[in-house]
Amino acid sequence: MKIRIWHLARPAIDDGCFEAEEVCLDVDLPFVPQAGAVLKVDGPADPLTVDHAYWDAARPDLVHVFTKDPACLPTMQRMRASGWLSAEEVAAS
């Protein structure tokens, strides 16, 4: 099943308007992660803890998984280098 993991990163451009920017990564998992599950993926230094997940009724093949806010935000450059996309890039596709 296609899982879209949502996380936070430091904005690529620090203009003082935003403290964090949403990023996502699409992965194929044989299960749907539940709240409290821990996922180790490329990009963030620490494993991610699932906060909540929901099925996208408009796209039945996709489950959105949101992680708990990290104590330390990874950089956008690090996340992009690991294959993560910004929310704007996902919306445009």
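As a reminder, the structure under discussion sits directly above these lines.
Note that this is a predicted model, so its numbers are computed, not measured.

Trainee: Mind showing me how you'd approach the pairing of strand β1 (residues 2–9) here?
Mentor: On a regular strand, one side chain projects to one face of the sheet and the next to the other, so that they alternate. Most of β1 sits out of view: 6 of its 8 residues are buried. Sheet analysis places β1 next to strand β2 (residues 21–28), joined by 8 bridges and oriented antiparallel. Paired with Ala9 across the strands is Glu21, a residue of β2. One ladder, built from 5 bridges, connects β1 with strand β5 (residues 62–67); its direction is parallel. Along β5, the bridge assignment pairs Arg4 with His64.

Trainee: I tried to follow the side chain of Arg4 on my own but got confused; where do I start?
Mentor: Along the chain, the position of Arg4 falls in strand β1. Separated by 2.7 Å, the side chains of Arg4 and Asp26 make a polar contact. Ignoring any residue separated from it by four or fewer positions in sequence, one finds Arg4 in contact with Cys24, Leu25, Asp26, Arg59, Leu62, Val63, His64, Val65 and Val90.

Rules of the game
- Residues numbered from 1 in each chain as written.
- Predicted model: local features only at pLDDT ≥ 70, side-chain atom pairs only at ≥ 80, totals over all residues.
- Heavy atoms only, no water.
- Buried < 20%, exposed > 50% of the residue type's maximum accessible area, 1.4 Å probe, protein only.
- Helix = DSSP H or I, 4+ residues; strand = E, 2+ residues; numbered from the N terminus.
- Pairing = 2+ DSSP bridges.
- Polar contact = N/O pair within 3.5 Å; in protein donor to acceptor, adjacent residues only side chain to side chain.
- Contact = heavy atoms within 4.5 Å.

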